[in-house]
Amino acid sequence: MEQSKETINSIPINGKVSNCDENIDHNSTDDVLLDVDIGDPIMYYPYWKSVDEECSVTIKASAFLSYFVNLNKDEFFYHVPGFTDAIRRIHRVVGNAVTEGRYIIAGTGSSQLFNYLLLALSNTVTSGTTNKRVPVVCAAPYYGLFAASVETEKSSMYEWRGDTRTFDDKEGPYIEVVTSPNNPDGLWRKPMVNREGGMLIHDLAYYWPQYVPITGPADYDIMLFTMSKFTGHAGSRIGWVIVKDKELASALMNQSFLRTIGCCQEGQLRAKTILNFIADSYEKTPIPKVMPTTTTENLFEFGYRVMSDRWEMMKAAVKQNNLFNLLEYPDQHCNFFGKFHLPNPAFAWLESKTGEDASELMREHKIQARKGAMFGSSLHTKCVRITMVGSDDQFRLLIQRLSSPPSSVHLDEVPSISKVDINGN
Ligand code: PMP
C-alpha cells in the first residue's frame, strides 16, 4: 500500500481516517522488517478516539497573539492560566508526585527541560571557580537521547560521561540522571554515585499507574514529567519539571525566555484540557473497585488493561520462542488502583540466552528492535529493546513473528516498515 503524502507517524493529518493502523498493509508486511524500535505511544489512540467529542480544544484565530500570558502574575510569563493548576491536580489525583510548595515549569517535551536543567545546574557550580566541565552520568542501560543531546551540544559547562559504573571522579560536582521506572529496562532506579557534590535529576516519565504500581508521591528536588508517555500526546511536545528551589526555577524560566521565548501556548492549553479531563474522570466518578468494562474505563484502566494484556502475550511469545530471557518484576501495592499488581513497562528488554547479539536474532524474526549497545554500555550488546506502546496491529504482528520460527527471508534485501527514521524515544 502506498503511503499517503499526508501521513505522519501513521496518522493522517487530514483526520479523515478513523483507525491509525489503516496505513499498515496487512497483506504486504510478510516480507518486510517490523519496526518496533521507537517508543511512539500510538497505543492510546483507541482511548482518545472514543472521547474525541468530550475532550477537544478549539483555538480561535485571535488567540495567543502575544508572547506573554502572565506578565503581572506570580506565574511564569508564558504559562497559560490553569496549566500548572492542572498539573498539580493530576499529580494529586494519581498520588505520584508532591507539588505543594514546588515550582512547575513547562517545556517543549521534557527533553528540552533536561537540557535547560543541565545548564542551570552546572552554572551554579562552575561560575568563576573552575574550568572543568561538570560530568553528567547515568546508570546504564539508559535512554540514549540523554547522551546524544549532551554530546551534540558540545557545552563548555558540562559533558556526558556515561555510565555511573565507569565514573571514578573522587570529588567535585557532578549531575546524575535517575530514571524511574527506567527506559529501557523498566526497573526502579536509585542514585548510584552517592557522594558529595552530586546534583540529581529524577526523570519520572513512566511513573504512572498503567506502567508501574504507584507506591507514593515522589518527593525529589528535581522531577521531570512529560505528556508523551503518560497520556500518549507525544506530538503536543509538552513536558514539565517540578523543582523545590526558587532560584533554579527562575534560571529555568530564564533559559526558556532566552532560547525559545517561552513554550507553545496551544500545547499548554491542550495539555491542560487533557489533564483536567483525566482528573475529572476520577474525581467526579470514584475509582471502581472492580476493573470496569472497556466501555466505561478511564485512561489509567485502559492503559493498564492494554499494557497487562500485552505483557501476558509478550511473556508467552518469549517462552515459546525460547531464545531470549525477559526480566522479572516483583508486584507491589499500587495506591492508585488499591491493589497489588505487576509493573507493565513501556519497553520489553530482552537478553539473548546464548549471549549473541539479540538484535540480529530479532532480525531473523523480521523484527527491527533497538540494539542494547545504544543504551550506554557494551555490556548490553546481547540485549534488545522493543516498544510495548505501539499500535494494536503493530503489536499483534510482533507477537506473531516472535512466536514463529526464524524466517528464511534474505534480510539484507527487505525494506523496513518503519514509520519515521529517527533515533529518539
Ligand atoms: N525521558 C525518558 C526516560 C524518555 O523515555 C523520554 C521519551 N522517550 C523522554 C525523557 C523524552 O520525553 P519528551 O517526549 O517529553 O521529550
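Structural notes, computed from the coordinates. (Residues numbered from 1 in each chain as written. Predicted model: local features only at pLDDT ≥ 70, side-chain atom pairs only at ≥ 80, totals over all residues. Heavy atoms only, no water.)

What to know about the site of the ligand
Close to the ligand lie 13 residues; S111, D203, Y206, T226 and S228 are nearest. At a separation of 2.6 Å, an oxygen atom of the ligand approaches a polar side-chain atom of T226. Protein chains bury 98% of the 390 Å² of accessible surface belonging to the ligand in isolation. Only α3 (109-126) and α5 (227-230) provide two or more residues apiece to the shell around the ligand. Among the elements that take part in the shell around the ligand, α3 stands out by supplying three residues, more than any other. (Near = heavy atom within 4 Å. Polar contact = N/O pair within 3.5 Å; in protein donor to acceptor, adjacent residues only side chain to side chain. Areas by Shrake-Rupley, 256 points an atom, 1.4 Å probe, with all protein chains shown as cover. Helix = DSSP H or I, 4+ residues; strand = E, 2+ residues; numbered from the N terminus.)

Structural notes on the pattern of salt bridges
What the rule picks out here adds up to 20 salt bridges. Among the ionic pairs, D37 bridges to R370, the shortest N-O distance being 2.6 Å. Residue D37 is located in the loop between β3 (34-35) and α1 (45-50), and its partner R370 is located in strand β16 (residues 370-371); the two are separated by 333 residues in the primary sequence. Among the residues examined, R370 registers a relative accessible area of 3% and is labelled buried. Put simply, R165 and D163 hold a salt bridge, and the shortest N to O gap is 3.0 Å. A network of salt bridges, in which partner residues are shared, links K132, R133, E159, R161 and D169. (Salt bridge = Lys/Arg side-chain N within 4 Å of Asp/Glu carboxyl O. Buried < 20%, exposed > 50% of the residue type's maximum accessible area, 1.4 Å probe, protein only.)

Considerations on a nonpolar patch on the surface
Taken together, the side chains of Y67, F68, L71, F257, L258 and I261 present a nonpolar region at the surface, about 620 Å² in accessible area. As for its position among the elements, L71 is in the loop between α1 and α2 (83-94). (Patch = residues over 30% accessible without salt bridge, like charges linked within 9 Å, V, L, I, M, F, W, Y side chains within 5 Å.)

Let's talk about the pairing of strand β6 (residues 158-163)
When strand β5 (residues 134-138) meets β6, the two strands line up parallel, connected through five bridges. The partner of V134 across the bridge, within β6, is Y158. Viewed along the sheet, the connection from β5 through helix α4 (residues 144-153) into β6 turns out right-handed. (Pairing = 2+ DSSP bridges. Right-handed = clockwise from strand over helix to strand, strands pointing away.)

A few points about unusual backbone geometry
The peptide bond linking A140 to P141 adopts the cis configuration, its omega dihedral lying at 0°. On the secondary structure map, P141 appears in the loop between β5 and α4. Here the residue pair S180 and P181 is connected by a cis peptide bond, since its omega of -10° sits within 30 degrees of zero. With respect to the helices and strands, the residue P181 is situated in the loop between β7 (174-179) and β8 (198-203). Positive phi, normally seen in glycine, also occurs at I261, with a value near 50°.

A closer look at the packing of helix α8 (residues 299-321) against helix α10 (residues 392-403)
To describe two helices that pack against each other, one gives the angle between their axes and the distance between the axes. Relative to each other, α8 and α10 sit at 20°, their axes nearing to 8 Å. One way to sum up the angle between α8 and α10 is to call them roughly parallel. In terms of crossing hand, the pair formed by α8 and α10 is left-handed. Residue-level inspection shows R310, M313, M314, A317, V318, Q320 and N321 of α8 in contact with α10, the latter providing D392, F395, L398, I399, L402 and S403. (Axes fitted to C-alpha atoms, helices over the stretch in contact; angles between N-to-C directions. Parallel < 35°, antiparallel > 145°, perpendicular 65-115°, else oblique. Left-handed = near helix turned anticlockwise from the far one by under 90°. Contact = heavy atoms within 4.5 Å.)

Digging into the packing of aromatic side chains
Scanning the model with the defined rule gives 26 aromatic pairs in all. When the ring of W48 is compared with that of F277, the centres are 6.1 Å apart and the planes differ by 50°; the resulting orientation is tilted. In this pair, W48 sits in helix α1 while F277 sits in helix α7 (residues 265-283), placing the two residues 229 residues apart along the sequence. As far as the burial class goes, W48 and F277 line up, both buried. In this structure, R385 packs its charged tip against the face of F347, placed 3.7 Å from the ring centre. (Phe/Tyr/Trp six-rings, centres within 6.5 Å; stacked < 30°, edge-to-face > 60°. Lys NZ or Arg CZ within 6 Å of the ring centre and 35° of its normal.)

Topic: α8
Across its 23 residues, α8 extends 32 Å between first and last C-alpha, which sits within 8% of the 33 Å expected from 1.5 Å per residue. Directly after α8, the chain includes N322, whose backbone phi takes a positive value near 65°. (Expected span 1.5 Å × (residues − 1).)

Digging into the sheet that holds β8
If you walk across this open sheet you meet the seven strands as β4-β10-β9-β8-β7-β5-β6, and the pairing is mixed. Each end of this open sheet is capped by a strand with a single partner; those strands are β4 (103-108) and β6. The mean inter-strand angle of the sheet, taken between neighbouring strand axes irrespective of direction, is 25°. Sheet contacts for α3: β4, β5, β6, β7, β8, β9 (222-226) and β10 (238-243); angle to β4, the most-contacted strand, approximately 120°.

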